[in-house]
Amino acid sequence: MAVKIKTKDGLIDISNGVIATVVGSAATANYGVVGMASKNALRDGFDGILNRANYKRGVVVKSNDNEITVDVYIIVGYGLKISEVSRNVQDSVKYNLKSQLGIDTQAVNVIVQGVRLLDE
């Protein structure tokens, strides 16, 4: 399933893999995010941190009309305020989707799958 954007020159299809890469990069760039987690933790392993090639396993994209809803699964650093880290991830994901792909987001849901020590 892809997001379709109508322009005056035609139709643009953006695949969920591209959206997942933008979302994963935006999420992991925030301080306090150790990495992306899989949405299917039982199948993929509880402790697995996803690399850039597998960001689509930690992002769920649901589209309706010209807006999308994104679920982001992350692992947060120990000792940090989870609500602040999650809010920063939401703001960063919304900004990057709008600036890089021109997609408006209806909601960005952050699901914290685990907590780990930060690598200092």
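What you are looking at is a predicted structure, and each value in this text was computed from that prediction instead of being measured. (Residues numbered from 1 in each chain as written. Predicted model: local features only at pLDDT ≥ 70, side-chain atom pairs only at ≥ 80, totals over all residues. Heavy atoms only, no water.)

**Considering the pattern of salt bridges**
Part 1 of the reasoning: Taken as a whole and judged by the stated rule, the model has four salt bridges.
Part 2 of the reasoning: Of the charged contacts, one joins Lys-4 and Asp-13 as a salt bridge, the two residues approaching to 3.5 Å between their closest N and O atoms.
Part 3 of the reasoning: By relative accessible area, which is 47% here, Asp-13 ends up partly exposed. (Salt bridge = Lys/Arg side-chain N within 4 Å of Asp/Glu carboxyl O. Buried < 20%, exposed > 50% of the residue type's maximum accessible area, 1.4 Å probe, protein only.)

**Some points on the pairing of strand E1 (residues 2-7)**
Part 1 of the reasoning: Where E1 lies against strand E2 (residues 10-15), six bridges are found, and the strand directions are antiparallel. For Ala-2, the partnering residue across the bridge sits in E2 and is Ser-15.
Part 2 of the reasoning: Adjacent in sequence and paired antiparallel, E1 and E2 are bridged by two residues. (Pairing = 2+ DSSP bridges. Helix = DSSP H or I, 4+ residues; strand = E, 2+ residues; numbered from the N terminus.)

**What about the nonpolar core?**
Part 1 of the reasoning: Counting residues in each nonpolar core, the largest one holds 27 residues, and the members touching the most others are Ile-19, Ile-74 and Leu-97.
Part 2 of the reasoning: With six residues, helix H1 (residues 16-28) is the single largest residue contributor to this core. (Core = buried A, V, L, I, M, F, W, Y, C linked by side-chain atoms within 4.5 Å.)

**So, the packing of H1 against helix H3 (residues 82-101)**
Part 1 of the reasoning: In contact at an axis separation of 8 Å, H1 and H3 are set at 135 degrees when each is read in the N-to-C sense. Comparing the axis directions of H1 and H3 gives the class oblique. The two elements H1 and H3 cross, and the hand of that crossing is right-handed. In contact with Val-18, Ile-19, Val-22, Val-23, Ala-26 and Ala-27 of H1, H3 contributes Val-89, Ser-92, Val-93, Asn-96, Leu-97, Gln-100 and Leu-101. (Axes fitted to C-alpha atoms, helices over the stretch in contact; angles between N-to-C directions. Parallel < 35°, antiparallel > 145°, perpendicular 65-115°, else oblique. Left-handed = near helix turned anticlockwise from the far one by under 90°. Contact = heavy atoms within 4.5 Å.)

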